[in-house]
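So you can see what is in the structure, the chains are spelled out below.
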Amino acid sequence: MENTTQKVESPGAVTLSEERSSIPLPDPALKPERVQKELREAVAAERARRVGGWGWSALPDLGGFVRVKRFGSPRVAAMYAMFATEHAQFTGQHVSVSIDSLGQVAILLQAPDPGLTEMGCQFARDLG
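Cut-off values and rules
- Residues numbered from 1 in each chain as written.
- Predicted model: local features only at pLDDT ≥ 70, side-chain atom pairs only at ≥ 80, totals over all residues.
- Heavy atoms only, no water.
- Helix = DSSP H or I, 4+ residues; strand = E, 2+ residues; numbered from the N terminus.
- Polar contact = N/O pair within 3.5 Å; in protein donor to acceptor, adjacent residues only side chain to side chain.
- Contact = heavy atoms within 4.5 Å.
- Pairing = 2+ DSSP bridges.
- Axes fitted to C-alpha atoms, helices over the stretch in contact; angles between N-to-C directions.
- Parallel < 35°, antiparallel > 145°, perpendicular 65-115°, else oblique.
- Left-handed = near helix turned anticlockwise from the far one by under 90°.
- Nonpolar A, V, L, I, M, F, W, Y, C, P; charged D, E, K, R; others polar.
- Core = buried A, V, L, I, M, F, W, Y, C linked by side-chain atoms within 4.5 Å.
- Buried < 20%, exposed > 50% of the residue type's maximum accessible area, 1.4 Å probe, protein only.
- pLDDT = per-residue confidence, 0-100.
- Phe/Tyr/Trp six-rings, centres within 6.5 Å; stacked < 30°, edge-to-face > 60°.

**Here's the deal with the side chain of Gln-93**
- Inspection of the secondary structure assignment puts Gln-93 in the loop between α2 (74–91) and β3 (95–99).
- A polar atom in the side chain of Gln-93 sits 3.4 Å from the backbone oxygen of Thr-91.
- If sequence neighbours within four positions are ignored, Gln-93 has contacts with Ala-88, Leu-109, Thr-117, Met-119, Gly-120 and Phe-123.

**Points about the sheet that holds strand β4 (residues 104–110)**
- Spatially, β1-β2-β4-β3 is the arrangement adopted by the four strands of the open sheet, whose pairing is antiparallel. Of all strands in the sheet, those with a lone pairing partner are β1 (57–59) and β3, marking the two edges. The mean angle between the axes of side-by-side strands here comes to 25°, regardless of whether they run parallel or antiparallel.
- Along the sheet, helix α3 (residues 118–127) contacts β2 (64–70), β3 and β4; its crossing angle with β4, the most-contacted strand, is approximately 170°.

**Things to note about the packing of α2 against α3**
- As a packed pair, α2 and α3 sit with axes 11 Å apart at the nearest point and diverge in direction by 160°. Classified by the angle between their axes, α2 and α3 sit roughly antiparallel to one another. Of the two possible hands of crossing, α2 and α3 adopt the one that is right-handed. On the side of α2, the interface is formed by Tyr-80, Phe-83, Ala-84, His-87, Ala-88 and Thr-91, while α3 contributes Met-119, Phe-123, Asp-126 and Leu-127.
- Classifying every residue of the contact of α2 with α3 by side-chain character gives seven nonpolar, two polar and one charged.

**Structural notes on the pairing of β3**
- Both β3 and β4 contribute to a ladder of five bridges, which runs antiparallel. Residue pairing for β4: Val-97 is matched across the bridge by Ile-107.
- The hairpin formed by β3 and β4 contains four residues between the paired strands, and Gly-103 there has a positive phi angle of roughly 95°.

**Section: the nonpolar core**
- Among the nonpolar cores identified, the biggest contains 16 residues, and Val-51, Trp-56, Ile-107 and Leu-127 are the most heavily contacted of them.
- Those elements giving two or more residues to this core turn out to be α2, β4 and α3.
- Counting residues per element, this core draws most heavily on α2, which supplies five residues.
- Those residues in contact with Val-51 that sit more than four places away from it in its chain are Trp-56, Phe-65, Leu-116, Cys-121 and Ala-124.

**Side note on the environment of Ala-45**
- Turning to its location among the elements, Ala-45 is positioned in helix α1 (residues 32–53).
- For the pair formed by Ala-45 and Gly-115, sequence separation is 70 residues and the distance between their alpha carbons is 7.9 Å.

**A short note on the confidence of the model for the protein**
- Of all residues in the protein, 76% attain a pLDDT of 70 or more, and the chain-wide mean is 76.
- At the level of individual helices and strands, the protein shows its lowest average pLDDT in α1, which scores 72, and its highest in α2, which scores 94.

**Let's talk about the pairing of β4**
- Across seven bridges, β2 lies against β4 in antiparallel orientation. Looking at the pairing, Val-68 lines up with Ala-106 of β4.

**Here's the deal with the packing of aromatic side chains**
- All chains considered together, the criterion is met by two aromatic pairs.
- Seen in terms of ring centroids, Phe-71 and Tyr-80 are 5.0 Å apart; in terms of plane orientation they differ by 40°. Their pairing is tilted.
- Each ring, one from Tyr-80 and one from Phe-83, has its centre 6.1 Å from the other, and the planes form 45°; the classification is tilted. Of this pair, Tyr-80 and Phe-83 both sit in helix α2, three residues apart, which is roughly one turn of that helix.
- The class of Tyr-80 is buried, set by a relative accessible area of 12%.
- Three or more aromatic residues joined by ring pairs make a cluster, and in this case those are Phe-71, Tyr-80 and Phe-83.

Following this line, the structure appears as structure tokens:
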């Protein structure tokens, strides 16, 4: 009997060599719990890097990210703050918003313990 092997590839399949990711793979000698912890931290760091590219700054002491925007008038700033809080409520994000009389809005996006979620990244991207 002849033993044959046929290689079948899915059109949407991605091999490891084709995958472009900046998330480092953990040491394979680690225990599974430690590997999971390191992967969660690496994913959270990658998301924080992406959000930082959109103009948000990390505030590790407060457990979140902040973005300050300036507008031409306090009225426009208030309308933007209202939009941000409504969007946060719609997407399930926890934010704190403050407005000053010069037309500046500061938005603090709180990140849960394992780090910023993908929905949090999308929220930050939506607000610019």
